[in-house]
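# Per-entry structural report
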Amino acid sequence: MAEKTKEEKKKVAPKKKAVVKKEPKKMKTPQTLRGMKDILPQDGKIWRHILDIAQGITTAYNFQYVETPIVEEAKLFVRTIGKGTDIVSKEMYSFEDADGSKLALRPEGTASIARSYINNGLLTQPQPVKMWYYGPMFRRERPQAGRYRQFHQFGCEIIGDADPVADAQLIVMGYNFYKDLGIETNVNVNSIGTPDDRERYLVELVGYLRSKRSYLSEESRKRISKNPLRILDSKDPQDQEVVAEAPQIIDWLSENSRQYFMSVLEYLDQLDIPYVLKPTLVRGLDYYTDTVFEFFDANAPEKSQSALGGGGRYNILVETLGGEPTPATGFAIGIDRVVDIIRKRVNGGKYTIESPLLSLYFAHLGEPAKKQSLHLIEELRRNGINLYHDLGKPSLKAQLERANKIEATHAIILGQKEMQDGTIIIRDMSSGIQEIVDQKKLAREIHKIQKNLKK
């Protein structure tokens, strides 16, 4: 073959470069924000259990469930909680909307409930209106044990009742809520009187605090002019020595407030609710009047004790928001701390949460049986029967291993033969004894098993 000329070589097409596919750049996995957390499946049953207890106690006391928006006008909280409070001045998540209005993530629930009471004309309904709620709140405070920037509260409010029995009922409900969860609590109570009572007391308190200014912590020195009542609740040892000798608000109550408070205590005595009179308890929000109270874990070390929840009367809140003068009282309970307490006891084997599922496992063998399983599981649910199942597992062996792992007492097995016969197998997992029953009678047979298990 003749050698190619230079001209012919030029006409030869150049070799194409191999195309290298670029792998998409993997992004760094986002992390939860500081002070926020995920609720994982292993804790989900604890959260649901607490909600079940909350629903049970509110139903017993005739409270109706309500929800308010997570986002509200910022002025709602500035006006009601108070400019001088840490919540408003340091912790509230506030921002400007596209239209220039100032909004905030709700830092607590009571102000929103009072706003809703006015907006929706609940004053025209039979009084009192008894409401409960459960949901997330937001405060940009320093994250620490049991304290998050997104946290959850269960709260109860009684609006339109001026009787001291309403305060006592809420304290009883809070106490028994913890008791039903197996948590022994201490109840601290006090009265901060009416706004007029507080004005007279504040003159005396501020005078005393100024005389002891050099002995107070730096934070409390700032609070003398902004929010002196919060100094009474300071956890700083330096402040506590000063507070121990401070004038007590109980000595400045009007006769009406004093008699009101005594009535609340008489109800608690009648109901055998253990409580401690704590003259430094003030709660620190501007809308509180008269009775205030807090719940503490009785088994927590004294140095690590933080309030699990609390509340009080707020007779001026509805009027402050532009409504008619309306007496009201309520409480809020921090669910995150309750979850932490129960989690430790569950993991330590000292607390058991019953599953809403029966200790039975539904297993299948083959694709046709899987399709029929969905139908049977739904039929059982309509008969009030909920049981474990893993329809995504094709292997019967794997399903029965799962049944053993969850300690199921019985396995309900649907195979190819049972599909043809219209039957189903019920196997006793401890003895291995099997019984074949008609699919139409399955619900009845399960109810029999359930009855025998309860004996």
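Remember, it's a predicted structure, so these values are computed and weren't measured experimentally. (Residues numbered from 1 in each chain as written. Predicted model: local features only at pLDDT ≥ 70, side-chain atom pairs only at ≥ 80, totals over all residues. Heavy atoms only, no water.)

### Focus: a nonpolar patch on the surface
A contiguous nonpolar surface patch, about 220 Å² in accessible area, is contributed by Ile70, Val71 and Phe95. Along the chain, Ile70 turns up in the loop between β1 (64-65) and β2 (71-73). (Patch = residues over 30% accessible without salt bridge, like charges linked within 9 Å, V, L, I, M, F, W, Y side chains within 5 Å. Areas by Shrake-Rupley, 256 points an atom, 1.4 Å probe, with all protein chains shown as cover. Salt bridge = Lys/Arg side-chain N within 4 Å of Asp/Glu carboxyl O. Helix = DSSP H or I, 4+ residues; strand = E, 2+ residues; numbered from the N terminus.)

### So, the environment of Thr326
Among the secondary structure elements, Thr326 is positioned in the loop between α11 (317-320) and β11 (328-334). With a relative accessible area of 4%, Thr326 lands in the buried category. For the pair Thr326 and Asn315, spaced eleven residues apart in the sequence, the C-alpha separation amounts to 6.1 Å. Each residue touching Thr326, except ones within four places of it in the same chain, is listed here: Tyr117, Ile159, Gly160, Tyr314, Asn315 and Val318. (Buried < 20%, exposed > 50% of the residue type's maximum accessible area, 1.4 Å probe, protein only. Contact = heavy atoms within 4.5 Å.)

### Description of the confidence of the model for the protein chain
Across the protein chain, the average pLDDT comes to 90, with 94% of residues at or above 70. When the elements of the protein chain are averaged for pLDDT, helix α1 (residues 6-11) gives the smallest value, 55, and β1 the largest, 98. (pLDDT = per-residue confidence, 0-100.)

### Some remarks on the sheet that holds strand β3 (residues 94-96)
The pairing of strands in a sheet comes from backbone hydrogen bonds and takes either a parallel or an antiparallel form. Spatially, the three strands line up as an open sheet ordered β2-β4-β3, and their pairing is antiparallel. Both edges of this open sheet fall to β2 and β3, since each of them pairs with a single strand only. When strand polarity is set aside, the average angle formed by the axes of neighbouring strands in this sheet is 35°. When β2 meets strand β4 (residues 102-105), the two strands line up antiparallel, connected through three bridges. What sits directly across from Glu73, in β4, is Leu103. Sheet strands in contact with helix α3 (residues 74-81) are β2 and β4, and its direction is about 70° off that of β2. (Pairing = 2+ DSSP bridges. Axes fitted to C-alpha atoms, helices over the stretch in contact; angles between N-to-C directions.)

### Digging into the pattern of salt bridges
Between side chains of opposite charge, pairing is possible as soon as their charged atoms come close. Per the stated rule, a full pass over the model turns up 19 salt bridges. A salt bridge links Glu219 to Lys90; the shortest N-O distance between them is 2.8 Å. In this pair, Glu219 is assigned in helix α8 (residues 218-226) and Lys90 in helix α4 (residues 86-91), connecting sequence segments 129 residues apart. Take Glu219: its relative accessible area is 31%, and that puts it in the partly exposed class.

### Notes on the packing of aromatic side chains
Summed over the entire model, instances satisfying the criterion amount to nine aromatic pairs. Three or more aromatic residues link up through ring pairs in this structure, and these residues are Tyr65, Trp132, Phe154, Phe177, Tyr178, Phe293, Phe295 and Phe331. A cation over a ring is seen here: Lys37 above Tyr148, with NZ or CZ 4.6 Å from the ring centre. (Phe/Tyr/Trp six-rings, centres within 6.5 Å; stacked < 30°, edge-to-face > 60°. Lys NZ or Arg CZ within 6 Å of the ring centre and 35° of its normal.)

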